[in-house]
Amino acid sequence: MNLGGSGEPHGLEADQVVSAIERACESDLRTALRLVARYSAYWWSNGLQDEAAAAAERVLSMLGRTVPVGLDEEYLLAVIHGAASAEQEQLELAQQIVLTTTGPFRYSITVLLWSLVFGPFEPAAVVEEVLERNESGDAWARAAVELCRGYPGLTVPSAPGEAAQSLRTALGRFRMLEDRWGMFLALSGLRQVVDEPLDVTTEALELAEQLCLAEETALLLCDRADLYRRLGKLEDAHADYSRALSIGESADLPETVAAARIGLGRAARGSGNLPAARAHLAAVLTIPELDDAHFEALHELAALNASEASA
């Protein structure tokens, strides 16, 4: 079965998928490898990359450097998921699979995941050859190719106008497929290359909420709040930062909490509520092991002190 986009795994919950792979590892590694490939899109479209990595690492630890006959692409997907802990020889085997594959990948998701994980480290000519090959794939793969061509910093660098056009093409194709995850990825890239990103950011935010992507939702709320703040819409900015803070605290995302509090501090300073600004920035300094956030908060506190001194 080819779950190219963000299809659900037919009622199986994430832990049941992992359990099925665990059982298959004990009796049939070929089935285990097929399951990893089959649920690749499900894991990534639901923000479950850690689960994908854990399952892939288990299978790869048992397969070692052996690529089962007829399961080259399944092996490649497992290495993509488990790239952080894969052996050098496994990475080289995966690279060889990519180079020797003719025609489009059998799994629509492969071209996107390969581009996300390995594309930035490959020569531009190799990336373009892989993308061109998958232009003859199914509709989802063709949309993914346009996404990869336009996404900032993902594959071959593009001029802003060319990148935006590729991303708009990808967005249109994913819309036709009614694939919310693909649309979310296209919008996430598009908002980085357009001159006025507010509407694009809002649509990406709505999709992140629909997809239950908590961390992405909170980060997009902070980004939209930044845009509101620069436009002087401080009440809207405060509302978005506050929502991001609530999500960050509920989901235990300290970096998101810090970003939201720094934003709330800036919005409060902009509206003249200096005590609230100081309280938010001081709270950031109590979050451990966030040196960059601490530096930013201290910078804001210095600006706050300067504004009080000149008042």
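Quantities reported herein were computed from a predicted structural model and do not represent experimental measurements.

### A few points about the layout of surface pockets
Here is step 1: In this structure, the largest pocket spans a volume of roughly 470 Å³.
Here is step 2: Forming the walls of the largest pocket are 20 residues, and the residues nearest its centre are Trp44, Gly47, Gln49, Leu213 and Glu216.
Here is step 3: The element contributing the most residues to the lining of the largest pocket is helix H11 (residues 180-190), with four residues.
Here is step 4: Class assignment for the residues of the lining of the largest pocket results in 14 nonpolar, four polar and two charged.
Here is step 5: In this structure, the second largest pocket encloses a volume near 400 Å³.
Here is step 6: Lining the second largest pocket are 18 residues; nearest its centre among them are Leu219, Glu255, Thr256, Ala258 and Ala259.
Here is step 7: Of all the secondary-structure elements, those providing two or more residues to the lining of the second largest pocket are helix H13 (214-230), helix H15 (254-270) and helix H17 (291-309).

### Thoughts on the pattern of salt bridges
Here is step 1: For the structure on display, the rule yields 17 salt bridges.
Here is step 2: Where Arg266 meets Glu296, a salt bridge forms, and the shortest distance between an N and an O atom there is 2.7 Å. You can see Arg266 sitting in helix H15 and its partner Glu296 sitting in helix H17, a full 30 residues away along the chain.
Here is step 3: In this structure Glu296 comes out as partly exposed when scored by relative accessible area, which is 31%.
Here is step 4: Three or more residues joined by partner-sharing salt bridges are found here, namely Glu128, Glu135, Glu146 and Arg149.

Here is what the cut-offs are and how they apply
Residues numbered from 1 in each chain as written. Predicted model: local features only at pLDDT ≥ 70, side-chain atom pairs only at ≥ 80, totals over all residues. Heavy atoms only, no water. 1 Å grid on protein atoms, 1.4 Å probe; cavity = no way out; pocket = protein on both sides within 12 Å on 5 of 7 lines; lining within 4 Å. Points joined across faces, edges and corners; volume = space filled by probe spheres on them. Helix = DSSP H or I, 4+ residues; strand = E, 2+ residues; numbered from the N terminus. Nonpolar A, V, L, I, M, F, W, Y, C, P; charged D, E, K, R; others polar. Salt bridge = Lys/Arg side-chain N within 4 Å of Asp/Glu carboxyl O. Buried < 20%, exposed > 50% of the residue type's maximum accessible area, 1.4 Å probe, protein only.

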